[in-house]
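# Residue-level structure breakdown
These are the residues of each chain, in order.
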Amino acid sequence: MNTILTTTNLTKAYGRKFAAKDVNLHVREGSVYGLIGRNGAGKTTVMRMISGLSKPTAGTYQMNGAGRFGVGVLIESPGIYPNMSAAENLRLKCIAMDCCSEEYINSLLTLVGLGDTGKKKTGSFSLGMRQRLGIALALVGDPKMIVLDEPINGLDPQGIAEVRQTLEKLKSEKGITIMISSHILDELGKLADTYGIIHEGCLLDEFTLDELEDRCGQYVTVKTSDNNRAAFAIRQMGINSLAADSAGNIRINGALDRTEDIVRVLTKNNIGVREIYVKKTSLEDYYLSVTGGRDND
């Protein structure tokens with residue numbers, strides 16, 4: 001697969017403070033690239049630089065076939081006039097970019113699921129509808145890549161699902177490359193196929209979904225009536241790779257094929273087994289392990 005965006009030592013400094021330092025991204029054409037990091041990690045800074053909204057202090061970036069107008073951008077809140085309809089908002093941008101026709105405007109609204117909003121003022125739109133209109137505005141000019149900074153932040157579950165479905169449609173039907181940042185890693189995990197972890201301005205890791213699955217592996221979680229006694233009994237079985245998870249349950253790395261033996265031993269020792277299951281390490285687990293366990297706030 002071809003690469004649509006490459007950055008080389010991309011850096012942004014404010015005085016002696018680095019907002020981004022030596023960032024080397026590789027975004028494949030047609031992919032959904034999830035940029036992960038806590039507030040202040042440098043996500044927005046990188047997105048603003050590759051979108052042409054901020055000039056790098058050092059380093060370069062290269063776009064390959066991103067379209068006539070480069071990349072489409074939705075960073076922070078979409079610039080929407082609340083006393084206008086969705087079509088009227090789109091019409092203004094289309095005129096500015098010399099690509100205006102009613103057919104084109106209607107096609108963009110339909111693409112993001114707003115084709116039936118008519119003359120309804122955007123000031124009465126839900127937050128999810130406004131975000132989808134922001135995505136439509138980013139698509140004006142038919143860019144091959146769009147950059148979305150926290151597009152599902154603050155949305156309710158319905159709004160999140162609507163935005164996710166819109167982005168899935170853009171990828172599957174239009175082949176648009178999407179770079180997206182989000183604090184909601186479970187949702188990002190449903191959408192992205194490539195990830196970059198950025199922390200304190202530095203890119204710590206970059207990997208595909210398949211690579212994530214290979215790195216994370218699986219583990220057994222056990223919840224009992226007495227986890228201390230249970231841990232002792234499990235160690236007596238020769239299983240020593242035990243730890244307590246955030247809920248205080250027993251996490252066993254490995255022993256995936258010994259769950260029946262574990263239940264049998266615990267029952268024999270009169271320890272009630274409330275739950276036992278095999279779980280795959282999540283995107284959030286991996287993120288925390290790479291960043292040293294710091295919260296993704």
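Cut-offs used in this document
Residues numbered from 1 in each chain as written. Predicted model: local features only at pLDDT ≥ 70, side-chain atom pairs only at ≥ 80, totals over all residues. Heavy atoms only, no water. pLDDT = per-residue confidence, 0-100. Helix = DSSP H or I, 4+ residues; strand = E, 2+ residues; numbered from the N terminus. Pairing = 2+ DSSP bridges. Axes fitted to C-alpha atoms, helices over the stretch in contact; angles between N-to-C directions. Contact = heavy atoms within 4.5 Å. Polar contact = N/O pair within 3.5 Å; in protein donor to acceptor, adjacent residues only side chain to side chain. Phe/Tyr/Trp six-rings, centres within 6.5 Å; stacked < 30°, edge-to-face > 60°. Lys NZ or Arg CZ within 6 Å of the ring centre and 35° of its normal. Buried < 20%, exposed > 50% of the residue type's maximum accessible area, 1.4 Å probe, protein only. Patch = residues over 30% accessible without salt bridge, like charges linked within 9 Å, V, L, I, M, F, W, Y side chains within 5 Å. Areas by Shrake-Rupley, 256 points an atom, 1.4 Å probe, with all protein chains shown as cover. Salt bridge = Lys/Arg side-chain N within 4 Å of Asp/Glu carboxyl O. Lys, Arg positive; Asp, Glu negative; His and termini not counted. Charge placed at Lys NZ, Arg CZ, Asp CG, Glu CD. Parallel < 35°, antiparallel > 145°, perpendicular 65-115°, else oblique. Left-handed = near helix turned anticlockwise from the far one by under 90°. Nonpolar A, V, L, I, M, F, W, Y, C, P; charged D, E, K, R; others polar. Disulfide = S-S within 2.5 Å.

Put simply, the protein has an average pLDDT of 90, and 97% of its residues get 70 or more. At the low end of the mean pLDDT range in the protein sits helix H7 (residues 209-216), at 80; at the high end sits strand E2 (residues 17-23), at 97.

So, on to the sheet that holds strand E14 (residues 273-280). Taken together, the four strands give an open sheet; going across it, the order is E12-E13-E11-E14, and neighbouring strands pair in antiparallel fashion. Only two strands of the sheet have a single partner each, and these edge strands are strand E12 (242-244) and E14. Strand-to-strand twist of the sheet, defined as the mean angle between neighbouring strand axes without regard to direction, takes the value 25 degrees. As defined by bridge partners, strand E11 (residues 218-224) adjoins strand E13 (residues 250-253) across four bridges and the pair is classed as antiparallel. Residue pairing across strands places Val222 opposite Ile250, the latter belonging to E13. Here helix H8 (residues 227-235) sits on the sheet in contact with E11, E12 and E13, set at roughly 20 degrees to E13.

The topology assignment puts Asn227 in helix H8. A polar contact is formed between the side chain of Asn227 and the side chain of Thr224, at a distance of 2.7 Å. Within the local environment of Asn227, its side chain forms a polar contact with the backbone oxygen of Gly248, the two atoms lying 3.0 Å apart. Setting aside residues up to four positions removed in sequence, Asn227 forms contacts with Val222, Gly248, Asn249 and Ile250.

One pass over the structure, following the stated rule, counts two aromatic pairs. Among the aromatic side chains, those forming a connected cluster through ring pairs are Tyr195, Phe207 and Tyr286. The lysine or arginine in question, Arg251, covers the ring of Tyr219, its NZ or CZ lying 3.7 Å from the ring centre.

Our focus in this paragraph is the sheet that holds strand E8 (residues 177-181). Within the open sheet, the six strands sit side by side as E6-E7-E8-E4-E9-E10. Their pairing is mixed. Looking at strand neighbours, the two that pair on one side only are strand E6 (72-75) and strand E10 (202-208), the edges of this open sheet. For this sheet the average axis-to-axis angle between neighbouring strands, irrespective of direction, equals 15 degrees. Sheet analysis places strand E9 (residues 194-199) next to E10, joined by six bridges and oriented antiparallel. Looking across to E10, one finds that Gly196 is bridged to Glu206. Sitting on the sheet, helix H4 (residues 127-139) is in contact with E6 and strand E7 (145-149), with an inclination near 150 degrees to E6. Against the sheet, helix H5 (residues 157-174) touches strand E4 (32-36), E7 and E8, its axis set at about 155 degrees to E8.

As a further point, take unusual backbone geometry. Even without glycine at this site, Asn9 takes up a positive phi of about 50 degrees. Take Asn9: it is sitting in strand E1 (residues 3-14). Look at Asn9 and you get partly exposed, because its relative accessible area is 36%. A positive phi angle is found at Asp22, which is not glycine, with a value near 50 degrees. Along the chain, Asp22 turns up in strand E2.

This part is about a negative patch on the surface. A cluster of acidic side chains, namely Asp210, Glu211, Glu213 and Asp214, defines a negative patch on the protein surface. Here Glu213 shows up in helix H7.

Glancing now at the packing of H4 against H5. With their axes 8 Å apart at the nearest point, H4 and H5 run at an angle of 20 degrees to one another. Considering their axes alone, H4 and H5 lie roughly parallel with respect to each other. Here H4 and H5 pass one another in a crossing that is right-handed. Contacts between H4 and H5 involve Gly128, Gln131, Arg132, Ile135 and Leu139 from the former and Gly159, Glu162, Val163, Thr166, Leu167 and Leu170 from the latter. In terms of residue class, the contact of H4 with H5 is made up of five nonpolar, four polar and two charged.

Time to look at the state of the cysteines. Under the criterion given, the structure shown has zero disulfides. For Cys99, which is in no disulfide, the shortest distance to another cysteine sulfur is to Cys94 and amounts to 4.6 Å. Cysteine Cys100 shares no disulfide, and the gap to the nearest cysteine sulfur, in Cys94, comes to 5.2 Å. Residue classification places Cys100 among the partly exposed positions, given a relative accessible area of 37%.

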